[in-house]
Amino acid sequence: TGALSQFFKGWAEQAEKARELLANLLEFRSLHQEAVTHYAAALDLQRAALGPKHVKIASTLIPYGYALSEMRRYPEAEKALREAIRILEPIDHYQIGSARNYLGFCFLGQERYAVAEQEFIAMERFLRGKVGADHPALWGARLSQGLAQLRLGRLEEAGRTLSHVGAHFGRNEEEGLR
C-alpha cells in the first residue's frame, strides 16, 4: 500500500508540473483562455497535494492572475493575485513584487488609477529592500507609478516621476557605452 501511495503521489506531482508547463507555454503564445484552464487544473492538483498556503501555489497564482487580467477578467485576477500576496507576505518572498506589479496593471485596466499607483508604490518599496535601488524591476515600478499619475491627471508629479526614471535609464545607458 505504501508503494502504491508513493506511485500515485509521484504521478500527481508530474501531472501538476505538466499542467503548469503547458499553461506557461500557452500563455507565452498569448492563448490566455487555454492557459487559464491549465493553471486552474494545476492549482487544483497543487492544493490537493500541498495544502492551501504553499509557496508553489502562489507561484502558480501569479501567472494565472496575469492571464485572467489579460482576458479582462479583473475580479478573478485580483482575487488570484491577492491570494498569492497573502501566501508570500509571511515569508517575505521575492515574488511579491511580481504579484503586486500584475495587480497594479489589473487596476490600471479597470481605470482604478489611484489603487494601481498604491500597488506600484508598494512594489517599489518591497523591491528596494530586496534588490537595491538600481534594479530594473524597481525602475519599472517607478515608471508604472508615473503612468498611473498621468491617468490621475497629476501631470506635474507624473512629469517629475517619469523624468527621474528617464534620467536613471539615460545615465545607465551612457555608463554602458563607455
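Residues numbered from 1 in each chain as written. Predicted model: local features only at pLDDT ≥ 70, side-chain atom pairs only at ≥ 80, totals over all residues. Heavy atoms only, no water.

With that settled, consider the overall build of the chain. Counting its secondary structure elements, the chain contains eight helices and zero strands. Reading the chain from its N terminus to its C terminus gives the helix and strand order α-α-α-α-α-α-α-α. The buried share among the 178 residues of the chain stands at 40%. Sequence separation of at least 24 residues holds for 49% of the intrachain contacts in the chain that already meet a minimum separation of 6. By element, 56% of the accessible surface of the chain is carried by carbon and sulfur atoms, the whole surface being about 10200 Å². (Helix = DSSP H or I, 4+ residues; strand = E, 2+ residues; numbered from the N terminus. Buried < 20%, exposed > 50% of the residue type's maximum accessible area, 1.4 Å probe, protein only. Contact = heavy atoms within 4.5 Å. Areas by Shrake-Rupley, 256 points an atom, 1.4 Å probe, with all protein chains shown as cover.)

Let us now look at the packing of aromatic side chains. Here the structure, examined in full by the defined rule, presents three aromatic pairs. With a centroid separation of 6.5 Å and 70 degrees between ring planes, the pair formed by Tyr 39 and Tyr 64 is classed as edge-to-face. Pair noted here: Tyr 39 is in helix H2 (residues 32-50) and Tyr 64 is in helix H3 (residues 55-70), with a separation of 25 residues, a long-range link. According to the relative accessible area criterion, Tyr 64 is buried, its value standing at 15%. (Phe/Tyr/Trp six-rings, centres within 6.5 Å; stacked < 30°, edge-to-face > 60°.)

Before going further, it helps to spend a moment on the pattern of salt bridges. Scanning the model with the defined rule gives 11 salt bridges in all. One salt bridge in this structure joins Arg 112 and Glu 78, with 3.2 Å as the shortest N-O distance. Here Arg 112, found in the loop between helix H5 (96-109) and helix H6 (113-131), pairs with Glu 78, found in helix H4 (residues 74-88); they are 34 residues apart in sequence, far enough to count as distant. Here Arg 112 falls in the partly exposed class, since its relative accessible area comes to 31%. Taking relative accessible area as the criterion, Glu 78 reaches 16% and is therefore assigned buried. (Salt bridge = Lys/Arg side-chain N within 4 Å of Asp/Glu carboxyl O.)

Looking now at the nonpolar core. Counting 38 residues, the largest nonpolar core has Tyr 39, Leu 61, Tyr 64 and Leu 108 as the members making the most contacts within it. Counting residues per element, this core draws most heavily on H4, at eight residues. If we skip the residues at most four places from it in the chain, Tyr 64 touches Val 36, Tyr 39, Ala 40, Leu 43 and Ala 80. (Core = buried A, V, L, I, M, F, W, Y, C linked by side-chain atoms within 4.5 Å.)

The description of two packed helices rests on the angle between their axes and on the distance between the axes. The contact between H2 and H3 brings their axes to 9 Å, and the two run at 160 degrees. Considering the angle they form, H2 stands roughly antiparallel to H3. The hand of the H2/H3 crossing is left-handed. Between H2 and H3, the residues in contact are His 32, Val 36, Tyr 39, Ala 40, Ala 42, Leu 43, Gln 46, Arg 47 and Leu 50 and Lys 56, Ile 57, Thr 60, Leu 61, Pro 63, Tyr 64, Ala 67, Leu 68 and Glu 70, respectively. (Axes fitted to C-alpha atoms, helices over the stretch in contact; angles between N-to-C directions. Parallel < 35°, antiparallel > 145°, perpendicular 65-115°, else oblique. Left-handed = near helix turned anticlockwise from the far one by under 90°.)

One non-glycine residue, Asp 92, adopts positive backbone phi at about 55 degrees. Residue position: Asp 92 is located in the loop between H4 and H5. Unlike most non-glycine residues, Glu 111 shows phi in positive territory, near 60 degrees. Classification of Glu 111 by relative accessible area gives exposed; the value is 59%.

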